[in-house]
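Spelled out from the first residue to the last, the chains are:
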Amino acid sequence: MKSLFDKISFECSRNVTKSYSTSFSVAVKMLAPNIRQDIYNIYGFVRFADEIVDSFHDYDKELLLEMFEGDLESALDKKISLNPVLNSFQHTVHKYNIPPSMITAFMDSMKLDLRKNKYTTMEEYNEYIYGSADVVGLMCLKVFVNGDITKFAELEQSAMRLGSAFQKVNFLRDLKTDYEVLNRTYFPNTDLSRLDEQSKTAIISEIEADFEAGFEGIVKLPLEAKFGVYTAYVYYKKLLSKLKNTPSIEIKNTRIRVPDYEKFGLLAKCYVNYRLNLL
């Protein structure tokens, strides 16, 4: 029965999320049960595409991404795929009417990772972030507002800014791997081979402005989504704080992370703030 296959597909997307990102998985668990699975479905899709361009070094990445995109188009058209992750994703796309333009923008940014390793202008930089992060936030927002067009329009810009903040924190955290392993530099007008405190401070100020704009949207989210998104926000803010307090030379040579014991402390703090209606 198709329902059994769908159940297995959903479990696959859920396991992808838990296996690839324990932090994001915890945040998703803080969402209401009625929307949790759809966020797993979105994450599974974007994670698989991202892994193709970032991790499969011993394979023809361009061919793999082309195959993945073909399977994606078929899944969206036929409303089924034998790839469980794409089968889950198409379910959420049709359920919430996620527009094709968002999916296309995301795939375009993934293709850029195959052929572009340096972003020299703010226009290029913003275009990449829109496709790789902002539209992911918008897909999730489609789930959070459950068809409320007015609410989506109200929160659209905040969702994009929050997606940008998360992505830029990832860029800064993963600077060593992106630069040395993948030969990529995302921040324009910044020489990452000689990252100094002035450049780091400018990047962090930009991210902090994104976080501020993103938080304005979090407080207006429907109750089902607010706690989960706030949890992710607090975690990434903590990671940014650690990066801010880390010398630029150390950021280039190591991967900054939030230890598990701090994550649990942050989760407890989030819960208290949420229960006391401090959001």
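The structure presented is a predicted model; accordingly, all values stated were derived computationally and were not measured. (Residues numbered from 1 in each chain as written. Predicted model: local features only at pLDDT ≥ 70, side-chain atom pairs only at ≥ 80, totals over all residues. Heavy atoms only, no water.)

## Re the pattern of salt bridges
Next, step 1: Under the criterion given, the structure shown has 16 salt bridges.
Next, step 2: We note a salt bridge from lysine 78 to aspartate 77, for which the minimum N-O separation is 3.8 Å. Taken as a pair, lysine 78 and aspartate 77 share a single burial class, namely exposed.
Next, step 3: Across the salt bridge formed by glutamate 208 and lysine 244, the nearest N and O atoms sit 2.9 Å from each other. Of this pair, glutamate 208 sits in helix α10 (residues 197–218) while lysine 244 sits in helix α11 (residues 223–244); the two residues are 36 residues apart in sequence, bridging distant segments of the chain.
Next, step 4: Residue class for glutamate 208 comes out partly exposed when judged on its relative accessible area of 28%.
Next, step 5: Among the residues examined, lysine 244 registers a relative accessible area of 42% and is labelled partly exposed.
Next, step 6: Here the salt bridges share partners, and the residues they tie into one network are Arg161, Lys168, Glu206 and Asp210. (Salt bridge = Lys/Arg side-chain N within 4 Å of Asp/Glu carboxyl O. Buried < 20%, exposed > 50% of the residue type's maximum accessible area, 1.4 Å probe, protein only. Helix = DSSP H or I, 4+ residues; strand = E, 2+ residues; numbered from the N terminus.)

## Some thoughts on unusual backbone geometry
Next, step 1: Positive phi is not limited to glycine here, since asparagine 146 has a value of about 50°.
Next, step 2: For asparagine 183, which is not a glycine, the phi torsion comes out positive at approximately 55°.
Next, step 3: Relative to the helices and strands, asparagine 183 is located in the loop between α9 (175–180) and α10.

## Some details on the environment of serine 248
Next, step 1: Along the chain, serine 248 turns up in helix α12 (residues 248–253).
Next, step 2: Under the relative-accessibility criterion, serine 248 is labelled buried at 6%.
Next, step 3: Along the primary structure serine 248 and threonine 121 are separated by 127 residues, whereas in three dimensions their C-alpha atoms are 22 Å apart.
Next, step 4: Once residues lying within four places of it in the same chain are set aside, the contact partners of serine 248 are Leu195, Asp196, Glu197 and Lys200. (Contact = heavy atoms within 4.5 Å.)

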